[in-house]
Amino acid sequence: MIGGNDGRNRALRVDSLLRLLFCWLARLTHRLRGGILVVPVLPPVFGLDIHLAIGASIVSIIATSSGAAAAYVRDHLTNVRAAILLELATSTGAVLGALLAPFLPSRALYFLFAGFLLLSLGPMARRLGEKVPSQVRPDWFARRLHLGGAYPDRALGRVVTYEVTRVPVGFAMMFIVGLASALLGLGAGALKVLAMDWGMRMPMKVSTATSNFMIGVTAAAGAGVYFWRGDVVPIIATPVMLGVLAGTLVGAQLLLRLTNRRVRQLFIPTLLIIAVQMLLRGIAVW
Amino acid sequence: MALDKTAAQAASSIRPDSTREHIDLLVTRVLRWGVLCAAAIGAAGFLLFVLRGPQPGDPQSLQELLSLRSETFATTLPAMVRSISTARPDDVMRLGILVLILTPLLRVALMLVLFVLKRDFVFVAISAIVFTVLLLGLTGSIGR
């Protein structure tokens, strides 16, 4: 079955190529971790049903996280025990969120999305100054499950040992984050960090590394539901996946040269613009 | 340089344990191959699509794609297996995406193995539950 060369058909192919290019660029320039830019950008620019955009976005999250994980696994920062424990909360939340998604109208999703983005701005801005929390008393769960750990801090030039506390608080927060993540197609890295660093008083570096470790698994939990439901449309999701993967492979070199601070300075205004745009769409102004 | 050295020493003093190193390496390899596999299959399907264009039953134009409703393309594993042999671009791309979704599952499976080797049975149980939840989500046996 050779596809005809009529214009309608060509537009479709050009569109998918453009999408690949766009995702590659987005991943490259914005350190696109989760689907944070894919979801907002797909519906307005390409005018797609937000449910399908979320399906594509979840795929991009897995691509980002699995693509980057190969490098991060051996950093000795990730707290694997805490990660797997909290994945219990995020993956259950994610499956529920994915099941819930079809029952929510698009407009509600736009609103939730805007709120969620604004919510994650707080921890990102706070992260500009980072310190290791001291005098943390481990709670019963942390002692029982041996959640404390140690990591080599290059900036401080010593090994930092830390304790973990308020595990139920972190666990509950992670459940909500997992739910929202699958509902909206976001990696929700910033909020995962918040649950660990504010909720469980873990050091920022450990929280960030552990959050990266968890993002892929959380996204995969929701992705299966989207996949079989048919909300991961191949011609949309494949260019997104290929673009993101190419961006991860090519972008990794570039990122090493940018400082964290600079990346965040670029990123926070971008998120603000997107949040406002989604809000406007939610109230149907634009 | 000096700092690098301390950090490296610190790292080796924290985790002397070779099982963990071994699993780490395996995880890295599994993730890399999973991602490359997904990318290769996805790229093949995408190339097929760009060359051959949309097949009957797929959205034929941009308008159709944009007006696509959620749940139009619900699929099942048997249906996918049946259609693999015909190598429709959409189904090849779908397979690539499925491989990508499966990589984190493999990662959790490896963690499970790590905890079994360490005889840390509380965490064996925890990772087994995570694995089950993922499997339930991935097989689509819930919500159906």
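Predicted, not measured: the structure shown is a model, and the values here were computed from it.

*Asks:* Would you mind going over the overall build of chain B in detail, with residue names and values included?
*Replies:* Along chain B, the regular secondary structure elements total 6 helices and 0 strands. Order of helices (α) and strands (β) in chain B, N terminus to C terminus: α-α-α-α-α-α. Residues counted as buried form 42% of the 144 residues belonging to chain B. Residue pairs at least 24 apart in sequence account for 68% of intrachain contacts in chain B once pairs closer than 6 positions are excluded. Carbon and sulfur atoms form 69% of the exposed surface of chain B, whose accessible area is close to 7,300 Å².

*Asks:* Quick one: what's the story with the overall build of chain A, residue by residue and with numbers?
*Replies:* In terms of regular secondary structure, chain A is built from 11 helices and 2 strands. Starting at the N terminus and walking to the C terminus, you meet the elements of chain A as α-α-α-α-α-α-β-β-α-α-α-α-α. Among the 286 residues that make up chain A, the fraction classed as buried is 60%. At a minimum sequence separation of 6, the contacts of chain A that also span at least 24 residues come to 81%. Total accessible area computed for chain A in this model is approximately 11,100 Å², and 66% of it derives from carbon and sulfur atoms.

*Asks:* Before we move on, could you go through the packing of aromatic side chains and cite the residues and values that matter?
*Replies:* Pairs of aromatic rings are described using the distance from one ring centre to the other and the angle between the two planes. Residues and elements named next belong to chain A. If you walk through the whole model with that rule in mind, you get 4 aromatic pairs over all chains. Measuring from centroid to centroid gives 6.1 Å for Tyr 151 and Tyr 162, while their planes differ by 55°, and the two rings are tilted. Separated by 11 residues along the polypeptide, Tyr 151 in strand β1 (residues 149–153) and Tyr 162 in strand β2 (residues 158–162) bring together distant segments of the chain. Take Tyr 151 and Tyr 162: they sit in the same class, and that class is buried.

*Asks:* Just give me the short version of the packing of helix α4 (residues 80–100) of chain A against helix α7 (residues 167–184) of chain A, but keep the residues and values in it.
*Replies:* Residue and element names in this part refer to chain A. It is the contact of α4 with α7, at a shortest axis distance of 6 Å, that shows an interaxial angle of 35°. Considering how the two elements wind past one another, α4 and α7 form a crossing that is right-handed. Contact residues: Leu 85, Leu 86, Leu 88, Ala 89, Thr 90, Thr 92, Gly 93, Ala 94, Leu 96, Gly 97, Ala 98 and Leu 100 in α4; Val 167, Gly 170, Phe 171, Met 174, Phe 175, Gly 178, Leu 179, Ala 182 and Leu 183 in α7. Each residue belonging to the contact of α4 with α7 can be placed in one class, and the counts come to 15 nonpolar, 6 polar and no charged.

*Asks:* Give a description of the environment of Ala 98 of chain A that names residues and reports values.
*Replies:* Residues and elements named next belong to chain A. Checked against the element boundaries, Ala 98 lands in helix α4. Taking relative accessible area as the criterion, Ala 98 reaches 0% and is therefore assigned buried. Beyond its immediate chain neighbours, meaning those up to four positions away, Ala 98 contacts Ala 182, Gly 222, Val 225, Tyr 226 and Arg 229.

Cut-offs used in this document
Residues numbered from 1 in each chain as written. Chains lettered and ligands numbered in written order. Predicted model: local features only at pLDDT ≥ 70, side-chain atom pairs only at ≥ 80, totals over all residues. Heavy atoms only, no water. Helix = DSSP H or I, 4+ residues; strand = E, 2+ residues; numbered from the N terminus. Buried < 20%, exposed > 50% of the residue type's maximum accessible area, 1.4 Å probe, protein only. Contact = heavy atoms within 4.5 Å. Areas by Shrake-Rupley, 256 points an atom, 1.4 Å probe, with all protein chains shown as cover. Phe/Tyr/Trp six-rings, centres within 6.5 Å; stacked < 30°, edge-to-face > 60°. Axes fitted to C-alpha atoms, helices over the stretch in contact; angles between N-to-C directions. Left-handed = near helix turned anticlockwise from the far one by under 90°. Nonpolar A, V, L, I, M, F, W, Y, C, P; charged D, E, K, R; others polar.

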